[in-house]
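Tertiary structure, described
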4 protein chains.
Amino acid sequence: MIRVGILGATGTVGQRFLQLLERHPDFVVSAVAASDRSEEKPYVEACQWRLPGDFPESVRALRVRPCEPPLDCDVVFSSLPYPVITNSSSFRMDADVPLVIPEVNPEHLALIDLQRQRTKGGGYIVTNPNCSAVMVALALAPLHRRFGVTSVVVTTMQALSGAGYPGVPSLDATDNVIPYIAEEEAKIERETKKLLGTYADGAVRTADVAVSAQCHRVNVTDGHLGAFRVKLERRATLAELRDAWATFRGLPQQLELPSAPTHPIVVRDEPDRPQPRLDRDAGNGMSVSVGRVAPDTVLDWRFVALSHNTIRGAAGAAILNAELLLAQGRLLQPPRAVERAPARG
Amino acid sequence: MIRVGILGATGTVGQRFLQLLERHPDFVVSAVAASDRSEEKPYVEACQWRLPGDFPESVRALRVRPCEPPLDCDVVFSSLPYPVITNSSSFRMDADVPLVIPEVNPEHLALIDLQRQRTKGGGYIVTNPNCSAVMVALALAPLHRRFGVTSVVVTTMQALSGAGYPGVPSLDATDNVIPYIAEEEAKIERETKKLLGTYADGAVRTADVAVSAQCHRVNVTDGHLGAFRVKLERRATLAELRDAWATFRGLPQQLELPSAPTHPIVVRDEPDRPQPRLDRDAGNGMSVSVGRVAPDTVLDWRFVALSHNTIRGAAGAAILNAELLLAQGRLLQPPRAVERAPARG
Amino acid sequence: MIRVGILGATGTVGQRFLQLLERHPDFVVSAVAASDRSEEKPYVEACQWRLPGDFPESVRALRVRPCEPPLDCDVVFSSLPYPVITNSSSFRMDADVPLVIPEVNPEHLALIDLQRQRTKGGGYIVTNPNCSAVMVALALAPLHRRFGVTSVVVTTMQALSGAGYPGVPSLDATDNVIPYIAEEEAKIERETKKLLGTYADGAVRTADVAVSAQCHRVNVTDGHLGAFRVKLERRATLAELRDAWATFRGLPQQLELPSAPTHPIVVRDEPDRPQPRLDRDAGNGMSVSVGRVAPDTVLDWRFVALSHNTIRGAAGAAILNAELLLAQGRLLQPPRAVERAPARG
Amino acid sequence: MIRVGILGATGTVGQRFLQLLERHPDFVVSAVAASDRSEEKPYVEACQWRLPGDFPESVRALRVRPCEPPLDCDVVFSSLPYPVITNSSSFRMDADVPLVIPEVNPEHLALIDLQRQRTKGGGYIVTNPNCSAVMVALALAPLHRRFGVTSVVVTTMQALSGAGYPGVPSLDATDNVIPYIAEEEAKIERETKKLLGTYADGAVRTADVAVSAQCHRVNVTDGHLGAFRVKLERRATLAELRDAWATFRGLPQQLELPSAPTHPIVVRDEPDRPQPRLDRDAGNGMSVSVGRVAPDTVLDWRFVALSHNTIRGAAGAAILNAELLLAQGRLLQPPRAVERAPARG
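Definitions and limits used
- Residues numbered from 1 in each chain as written.
- Chains lettered and ligands numbered in written order.
- Predicted model: local features only at pLDDT ≥ 70, side-chain atom pairs only at ≥ 80, totals over all residues.
- Contact = placed C-beta atoms within 7 Å.
- Nonpolar A, V, L, I, M, F, W, Y, C, P; charged D, E, K, R; others polar.
- Pairing = 2+ DSSP bridges.
- Helix = DSSP H or I, 4+ residues; strand = E, 2+ residues; numbered from the N terminus.
- Axes fitted to C-alpha atoms, helices over the stretch in contact; angles between N-to-C directions.
- Least-squares fit on C-alpha atoms with pLDDT ≥ 70 in both.
- Buried ≥ 20, exposed ≤ 12 C-beta atoms within 10 Å, placed from the backbone.
- Right-handed = clockwise from strand over helix to strand, strands pointing away.
- Domains from an automatic or database assignment.
- Parallel < 35°, antiparallel > 145°, perpendicular 65-115°, else oblique.

Now for the interface of chain D and chain A. Contact residues are listed per partner, giving 15 residues for chain D and 15 residues for chain A. Here the residues of the side of chain D that touches chain A are counted per class, giving 7 nonpolar, 6 polar and 2 charged.

Following this line, the structure appears as structure tokens:
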């Protein structure tokens, strides 16, 4: 079993990590870290559990550590700006840092070798994208591969849990829409281009796609919805689009990674789907649902996509990245792992 | 005082009509009509009042009539497919029927003359637009006048009251977004073109604007929000856009019609406005609020607009049309009114 | 495997039945019945699936039948007034009809023998209670057994799904509480007395408990919450109350019935629990959560209880009753089952 | 005009004060005070306006002062623990501090004389009650006067605005009920007894009423709802109860104070009223609505009451108290007011 440390373990994304890793076939949580205030308490006392479902018993008694080395683990999942496999936005756009969705751009992980050359050690950073960028890039990837996407206009309706806890005040959420999420539009625009970019000769070339994002917070607990228009390089029929999504598979499906959904994209044909409450848990929260596909009057096509923001968009995204790194032998390089262990002593 | 009849008087839009007309300087409600089930009951018994605020006392005892002539009134406001001033979508796109927002295209009312020639009588139909089309056309009109709009991509987040009562089941609304409103996208696309069109020689020529609409129902009681991207014929600066909206005035403002808002468009500069709960009542529900104006990465500009869907989008739209017709002397042509009266006897 | 028919299979409770029975160890759905409108369509077409989670594949192609014999099954679960194991309120208070919560009053099932004598056949009716009465009776049963309950004052805050689909209009639910649910208060008051009653000599004597219920609909999808005050016959300490709930077990736990929760009552010690969103799925929706236990200033004790209204309160209640009848050999009397079979031919 | 200072002017209750006082016939806001962070900014910059409706223009340019003397005003309204007319709970239960609802117990204001004797100055403290206690005491007062209330069991469903801003996280509010509001139950229980108490010989004797309160936070923006059971000393009929409420008038109605509602209690006869969204603005938010009156099975009577928590329950409560003090000549004692003025210079 690979021993995992969670940074920011008491927050909403941290709690999702613990929930998704309870009973995982390969990973066991051996360390939880959070800010000073919670330090040295047993996790059960430090954490105000906010998710439906039971508290994860296996971590009840773990002492909460500060978010710094040494931590008693082989790999770290982080929602803090701590370099390893991280949700943090700090490093995503760095030239030698891979920003990866395993189904979309696993070849970008080759950037790890550059990092290692530079740092001369075994450590490296892999980042997973902004929760909305995951949805955008996953929904576009099958179209981009087959038809080439030249422009995308996406309008998001994002869930409350994306703002963490306490996050959005209920007086702002109830009977309301907030047409603003700080820095979100820029993140979606630049990360989508990197995710759809190509790797060659030690560098990622961002995709030549114009991306326009407008972001809104709506009164939904979980599940980000996006309304899309896209312009394609090559002509396509509705049946071809549908087929591109429905048959889309990536490396995680090929390797049968434990958290990989069978269908990365689920196509819905009902006129009123996908909906957050009904579809966010598709593929255990790891599938993106696509529906309402139709010709558009300004660009070429329009459709709607939905993704679970704290699973596929955060905790699940990091776990799937880790599973891929493990399967590729990049996670635990036996000699270095041994070397690192004493340093923690 | 002009005596007004309300068709569909017991529904949500009908109730808004009564609320807005209570204490109106020119109009008094003299007849309420609704479907067979309510007929002949006093209005207070026939109607399940669903709006905040008091029941309008002046109509308490009015007997509910069937929705057909004769009705004891000079003009009819209708949310039913009854030809006069109507919210109904049935006639909006007819060649000789004016579809009018008084600030946007009052000159289209000239089509009334064609109708009268055809019908050889004093009766005619004037329609007001779909509740979202009102917002779209009003938000675009100042830009179209000054810079020319060639394309618009709008994604709506529409309120529950737009579906009437009982309307959307709460199980669909709570913790959810529904990416579908029957026929709404097509209505917005075609009505916007007619509203921005030009009148000449007895006909309206629809505007040469590509319109793309995607519509969503969100968990908000009142207030439709739209996220817009637009492409303009002429270059503009942000300051010029802002100025076009802020200084926009129309015939209702010039004529100082009773229900005309001082500012048809209110520009908000805060980063997180407009919001439905905070801004839907701007200008007594008759102003459209615009915010988050910024350059766009696919089209030219992006912004967000908000409008009260049952006031500016329905009941208030019809009343403002009536006020304009009255001011123009088109509502009550004394001789014909007299002629019509005996027919009702 | 016992073959099960579902009456009212296309409604919200019917859908819960199908979801809970998918992959059940003893029961397989062999017939679905609903109103005339859906008849003879495949279930997948007749039903608008409204629950999160996948459509139950095993019933996709089953033709929807009318709600009348013969149905191709051994036992029927019903949310319609069809005599077998039913959620319907029609027969609950009949003298020879058992109204049963398996943990609370399994001995009332002896009434079946009276029914059989009367009908001279193998058929009989078993009813499960109103969704709120289940919560009230389960929360009170441990106290009643040990200390005797003489009065209970309960104020409910009930979920939207309790009203079925389309049910409560969203305009009534959003930003609102509705202090009225038709007939609900009377149902809770009389059913609680029967559920806590004693069986002797072929009759149920209702419990001598004064029950006062006030019911409200709140903006929650699933999970009924009740605020309780109780008066007890015998003095108790807070620790004794807590213990009575925490150690409470019934026949289903003893018999290890498939749907029986390990803990019928889960006691929460946090100051702000139970909450619908966090606790409704306790024990797979079959446990009642109790919290905020404290001395009361008018009666003796106060507390709050929560129960999943469509699982423990409806579909799960019927299934647990069926599991108990099966375990007792009352469900499938081999000779009679054989006799009935030809009649279906 | 009396010049008014508002302490805590940037919070939700502070904003209500400014909204309610805009265009008041007697009071004009001359000073706004808030915590250090906002100090010395113009109010328009210091305040994030959170209420529907326009920003109150008259206070736009007022500089925000620290919450301490001297303030440029004759009287202070406070939601902070500053001694004058205050919503703060700090002094409410002090023996010589009047806790007053003008319709219920205006005679308690005689305690002011005791305070003045003690402080030997013109200053004094008047408090208004907890937002739920206002509703409870107002709903009970007519019954207590006429029939004597001996016990009351109230279960509240309280609005989000009662928790201030940012207040309740939206993840806790959406699809949920929180059965806990810190210290609220104790406040209601003790304040109700003082409010219904009698004044004699320089002291208030608390009423001999047993009060039991259970409090819940529900997903409603404004309007606290309470479900009541009461036990009365004297027998009453339903018609007599109804009459006691409907005919109830107090000193504010007699004196025709500007903010006094014509009907302190509005009785609703529909089976499903009062509801927060429909009834919270009754009497401009100053009336309590009562409905669902019926005999109870444990105590004598049950009913439901509703009150606007930031108007009648906070800002409006303080303003009505000030209007009463002004009418009684207690607010502005000319000589002392003059004396105080130079100190401010």
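Right, let's get into the sheet that holds strand β7 (residues 149-158) of chain C. Residue and element names in this part refer to chain C. Sheet architecture is open: 6 strands sit in the order β10-β7-β11-β14-β13-β12, paired in mixed fashion. With one partner strand each, in any of the chains shown, β10 (210-217) and β12 (265-267) form the two edges of the open sheet. Ignoring strand direction, the axes of neighbouring strands in this sheet form an average angle of 25 degrees. Note: strand β11 (residues 224-232) against strand β14 (residues 301-307), 7 bridges, orientation antiparallel. Bridge pairing in β14 places Ala227 opposite Val304.

Each copy superposes on the other: chain A lies on chain B with an RMSD of 0.0 Å after a rotation of 180 degrees and an axial shift of 0.0 Å. The two molecules are tied by a two-fold rotation axis, judged by turn and shift. Comparing contact sets, 100% of the residues at the interface of chain A also lie at the interface in chain B, consistent with an isologous, same-surface contact.

A few words on the relation of the copies chain D and chain A. By a simple turn and slide, chain D fits onto chain A: the slide is 0.1 Å along the axis, the RMSD is 0.0 Å, and the turn is 180 degrees. The fraction of interface residues of chain D whose copies in chain A are also interface residues reaches 100%, indicating that both copies meet through the same surface.

Working note: regular strand, side chains alternate between the two faces of the sheet. Residues and elements named next belong to chain D. Counting buried positions along strand β2 (residues 27-33) gives 5 out of 7 residues, so the element sits mostly inside the fold. The pairing of strand β1 (residues 2-7) with β2 spans 6 bridges and is classified as parallel. The residue bridging Gly5 from the neighbouring strand is Ala31, located in β2. The handedness of the β1 to β2 crossover, carried by helix α1 (residues 12-21), is right-handed.

Residues and elements named next belong to chain B. Strands sit in the order β10-β7-β11-β14-β13-β12 across an open sheet of 6 strands; the sheet is mixed. Looking at strand neighbours, the two that pair on one side only are β10 (210-217) and β12 (265-267), the edges of this open sheet. When strand polarity is set aside, the average angle formed by the axes of neighbouring strands in this sheet is 25 degrees. With 8 bridges connecting them, strand β7 (residues 149-158) and β10 associate as parallel partners. Residue pairing across strands places Gln158 opposite Arg217, the latter belonging to β10. Across the sheet, helix α4 (residues 131-147) lies against β7, β10, β11 (224-232), β12, β13 (288-295) and β14 (301-307), angled at about 30 degrees from β11, the strand it touches most. Relative to β12, helix α7 (residues 238-246) is tilted by about 140 degrees, and along the sheet it contacts β12, β13 and β14.

This part covers the domain arrangement of chain A. Size of an interface, as often reported, equals the accessible area lost when the parts are brought together. All names here are of chain A. Domain boundaries in chain A define domain 1 (2-129 + 315-344) and domain 2 (131-308). Computed over C-alpha atoms only, the centres of domain 1 and domain 2 are separated by 25 Å. Taken residue by residue, the interface counts 30 residues in domain 1 and 28 residues in domain 2. Listing elements by their share of the side of domain 1 that touches domain 2, those giving two or more residues are α3 (111-119) and α10 (311-327). The dominant element in the side of domain 1 that touches domain 2, judged by the number of residues it contributes, is α10, at 7 residues.

On to the interface of chain A and chain B, then. Counting residues at the interface gives 34 residues for chain A, matched by 34 residues for chain B. Counting only elements with at least two residues in the side of chain A that touches chain B, the list comes to β7 (149-158), β10 (210-217), β11 (224-232), α9 (276-279) and β14 (301-307) of chain A. Here the side of chain A that touches chain B gets 5 residues from one element, more than from any other, and that element is β10(A). Of the residues assigned to the side of chain A that touches chain B, the class counts are 16 nonpolar, 10 polar and 8 charged.

Next up on the list: the packing of helix α4 (residues 131-147) of chain C against helix α10 (residues 311-327) of chain C. All names here are of chain C. As a packed pair, α4 and α10 sit with axes 8 Å apart at the nearest point and diverge in direction by 95 degrees. Accordingly, the angle class assigned to the pair α4 and α10 is roughly perpendicular. Counting all contacts with α4, which are made through Cys131, Val134 and Met135, the residues of α10 involved are Arg312, Gly313, Ala314 and Ala317. For the contact of α4 with α10, the per-class residue count stands at 5 nonpolar, 1 polar and 1 charged.

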